[in-house]
Amino acid sequence: MKQLLSVLLLTGFVGALFAQNADVMKSDAIMQESQMQYLAAAELYEKAAQLYESDGNTDAFSWFKAGQNYVKAKDYQKAVTMLDKAQTSGYSEAELYLSMGDAFAGTKQFDNAEKALIDGRNQFAAQKAEFTKKLGYLYFNSAQYEKAVTSLSEAISEEPGNYMYHYLLGSSYERLKDYAMATEELEKVVALEPNHKNSIKKLGVIYFKQTDYLYSKETKRYEAMKNPSRVDYHTSTKKLEEIAKGYNKALPYLEQAHQLSPKDKAIISCLSIAYRRLKMEEKASQMAALLK
């Protein structure tokens with residue numbers, strides 16, 4: 001009887017010790033997380049969850065926090081494992097689905113990321129905007145540009161002043177070769193954020209390429225003539241002069257982009273060609289010199 005009592009007391013002591021250690025680790029994890037030491041926090045939360053399990057308990061919150069912090073530490077595979085344990089243990093909050101979206105995206109499991117985010121959005125209507133934003137980013141980063149357009153447009157309807165949504169939407173239209181919509185969205189970006197480098201460059205390059213395409217097309221048409229007459233020459237020259245005016249739309253953006261990124265060869269090349277075709281020879285020479 002005394003031996004049985006001793007065993008029971010020892011078991012209780014060990015269990016209490018496990019619980020105490022788990023609580024301490026969880027407290028340490030919270031401290032590490034507050035200091036943005038995400039990997040250390042994740043490892044401590046994971047150990048705390050394991051200790052709770054060793055004592056016959058389940059702490060779904062610790063599994064979740066381990067996964068969330070592994071996401072922040074960019075250890076996405078570990079994050080997937082931890083978040084799966086959290087969900088299996090009964091944890092079901094909006095943040096779980098948001099973190100699962102990030103974790104699956106980080107491991108290139110885009111279908112699973114999409115499912116997690118859509119499931120979360122369906123369950124947590126109050127946080128629909130956050131899930132829609134995440135879906136927009138997911139679709140853009142996984143080259144699903146048509147879906148990105150839908151989600152980002154919806155995100156913009158909720159938050160029209162968010163320049164990053166407009167930038168990603170414009171960039172999605174650019175990838176889909178819908179340049180009219182791309183420039184419309186990118187113009188909104190620079191209206192909201194006047195020195196946004198990428199948008200300024202994209203606008204300059206898109207406007208340049210639209211004009212350059214027409215200029216090259218007319219040049220090839222004329223050069224394909226077997227025996228062009230003087231009339232043909234003058235007609236083509238006038239067409240090229242008229243087309244070249246389109247470079248004026250690109251120049252303000254290209255010049256600003258050059259100021260922001262003076263060593264960007266792509267911008268310099270566009271400027272060199274635009275200046276030359278607008279008969280701005282001195283500036284064209286300056287740009288050509290920078291390409292050498």
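Because the structure is predicted, anything quoted here is derived from the model rather than measured.

### Examining the layout of surface pockets
The volume enclosed by the largest pocket comes to roughly 280 Å³. In this structure, the largest pocket is lined by 13 residues; those nearest its centre are Asp102, Ala105, Tyr137, Leu138 and Asn141. Listing elements by their share of the lining of the largest pocket, those giving two or more residues are helix H5 (94–106), helix H6 (110–123) and helix H7 (128–141). At five residues, H7 tops the list of elements feeding residues into the lining of the largest pocket. The class makeup of the residues in the lining of the largest pocket is six nonpolar, three polar and four charged.

### Overview of the packing of helix H3 (residues 60–72) against H5
Interaxial distance between H3 and H5 falls to 10 Å at its minimum, and their mutual angle equals 40°. Compared by their axis directions, H3 and H5 come out oblique. Every pair of crossing elements has a handedness; the one defined by H3 and H5 is left-handed. Touching Phe64, Gln68 and Val71 of H3 are Glu95, Leu96, Ser99, Asp102 and Ala103, all from H5. A class-by-class count of the residues in the contact of H3 with H5 yields four nonpolar, two polar and two charged.

### Examining helix H12 (residues 230–244)
Here H12 contains 15 residues, and its C-alpha end-to-end distance of 21 Å stays within 8% of the 21 Å for a straight helix at 1.5 Å per residue. Of the surrounding secondary structure, the elements contacted by the buried residues of H12 are helix H11 (197–223), helix H13 (247–260) and helix H14 (265–277).

### With respect to the packing of aromatic side chains
Here the structure, examined in full by the defined rule, presents nine aromatic pairs. Plain terms: the ring middles of Phe61 and Phe64 are 6.4 Å apart, the flat faces sit at 50° to each other, and that makes the pair tilted. A residue pair is termed a helical-turn pair when its members lie 3 or 4 positions apart in one helix, as Phe61 and Phe64 do in helix H3 at three residues. A relative accessible area of 3% places Phe64 in the buried class. Joined through ring pairs, the aromatic side chains of Phe61, Phe64 and Tyr91 make up one cluster. Just above the ring of Trp63 sits the side chain of Lys85; from NZ or CZ to the centre is 5.0 Å.

### Re the side chain of Glu46
On the secondary structure map, Glu46 appears in helix H2 (residues 38–54). Look at Glu46 and you get buried, because its relative accessible area is 11%. With residues near it in sequence (within four places) discarded, Glu46 still touches Trp63, Ala66, Tyr70, Lys78 and Met82.

### Focus on the pattern of salt bridges
Two side chains with opposite charge may pair up if their charged atoms get near one another. Inspection of the entire model under this criterion finds 15 salt bridges. The partner of Lys26 in a salt bridge is Asp59, and the shortest N-O contact between them spans 2.9 Å. A residue pair is termed long-range when its members are at least 10 positions apart, and Lys26 in helix H1 (residues 2–34) and Asp59 in the loop between H2 and H3 qualify at 33 residues. A salt bridge links Glu114 to Lys147; the nearest nitrogen and oxygen atoms lie 3.0 Å apart. One end of the pair, Glu114, is in helix H6; the other, Lys147, is in helix H8 (residues 145–158), and 33 residues separate them in sequence. Residue class for Glu114 comes out buried when judged on its relative accessible area of 14%. Residue class for Lys147 comes out partly exposed when judged on its relative accessible area of 38%. Among the charged side chains, a salt-bridge network with shared partners connects Glu184, Glu185 and Lys188.

### With respect to helix H10 (residues 179–192)
Here H10 spans 20 Å end to end across 14 residues, near enough to the 20 Å set by a 1.5 Å rise per residue. Looking at H10, one finds that the buried residues are Ala182, Thr183, Glu185, Leu186, Val189 and Val190. One side of H10 carries all its buried residues, which in axial view fall inside an arc of 165°. Among the exposed residues of H10, those oriented more than 90 degrees off its buried face are Ala180 and Ala191. Contacts made by the buried residues of H10 are with H8, helix H9 (163–175), H11 and H13.

### Remarks on the UniProt feature "repeat: TPR" (unreviewed entry) in the protein chain
As annotated by UniProt and renumbered to match this structure, "repeat: TPR" (unreviewed entry) occupies residues 129–162 and 163–196. Secondary structure across residues 129–162 comprises 79% helix and 0% strand; the distance between its end C-alpha atoms is 13 Å. In residues 163–196, helix accounts for 79% and strand for 0%; the two terminal C-alpha atoms are 9 Å from one another.

### Observations concerning the nonpolar core
Soluble, globular proteins show a tendency: their nonpolar side chains are buried together. Grouped together as the largest cluster of nonpolar side chains are 73 residues, with contacts concentrated most on Leu83, Leu96, Phe131, Phe208, Tyr247, Leu254 and Leu271. Beyond its immediate sequence surroundings of up to four residues, Tyr247 is in contact with Phe208, Thr211, Asp212, Tyr215, Ala274, Arg277 and Leu278.

### Some points on unusual backbone geometry
We note that Lys108 has phi near 65°; this positive angle belongs to a residue other than glycine. A relative accessible area of 62% means that Lys108 is categorised as exposed. A positive phi angle is found at Ala143, which is not glycine, with a value near 60°. Overall, Ala143 belongs to the partly exposed group, its relative accessible area being 45%.

The rules behind these values
Residues numbered from 1 in each chain as written. Predicted model: local features only at pLDDT ≥ 70, side-chain atom pairs only at ≥ 80, totals over all residues. Heavy atoms only, no water. 1 Å grid on protein atoms, 1.4 Å probe; cavity = no way out; pocket = protein on both sides within 12 Å on 5 of 7 lines; lining within 4 Å. Points joined across faces, edges and corners; volume = space filled by probe spheres on them. Helix = DSSP H or I, 4+ residues; strand = E, 2+ residues; numbered from the N terminus. Nonpolar A, V, L, I, M, F, W, Y, C, P; charged D, E, K, R; others polar. Axes fitted to C-alpha atoms, helices over the stretch in contact; angles between N-to-C directions. Parallel < 35°, antiparallel > 145°, perpendicular 65-115°, else oblique. Left-handed = near helix turned anticlockwise from the far one by under 90°. Contact = heavy atoms within 4.5 Å. Expected span 1.5 Å × (residues − 1). Phe/Tyr/Trp six-rings, centres within 6.5 Å; stacked < 30°, edge-to-face > 60°. Buried < 20%, exposed > 50% of the residue type's maximum accessible area, 1.4 Å probe, protein only. Lys NZ or Arg CZ within 6 Å of the ring centre and 35° of its normal. Salt bridge = Lys/Arg side-chain N within 4 Å of Asp/Glu carboxyl O. Arc of directions from axis to C-beta. UniProt positions renumbered as here; feature names shortened; annotations may be inferred. Core = buried A, V, L, I, M, F, W, Y, C linked by side-chain atoms within 4.5 Å.

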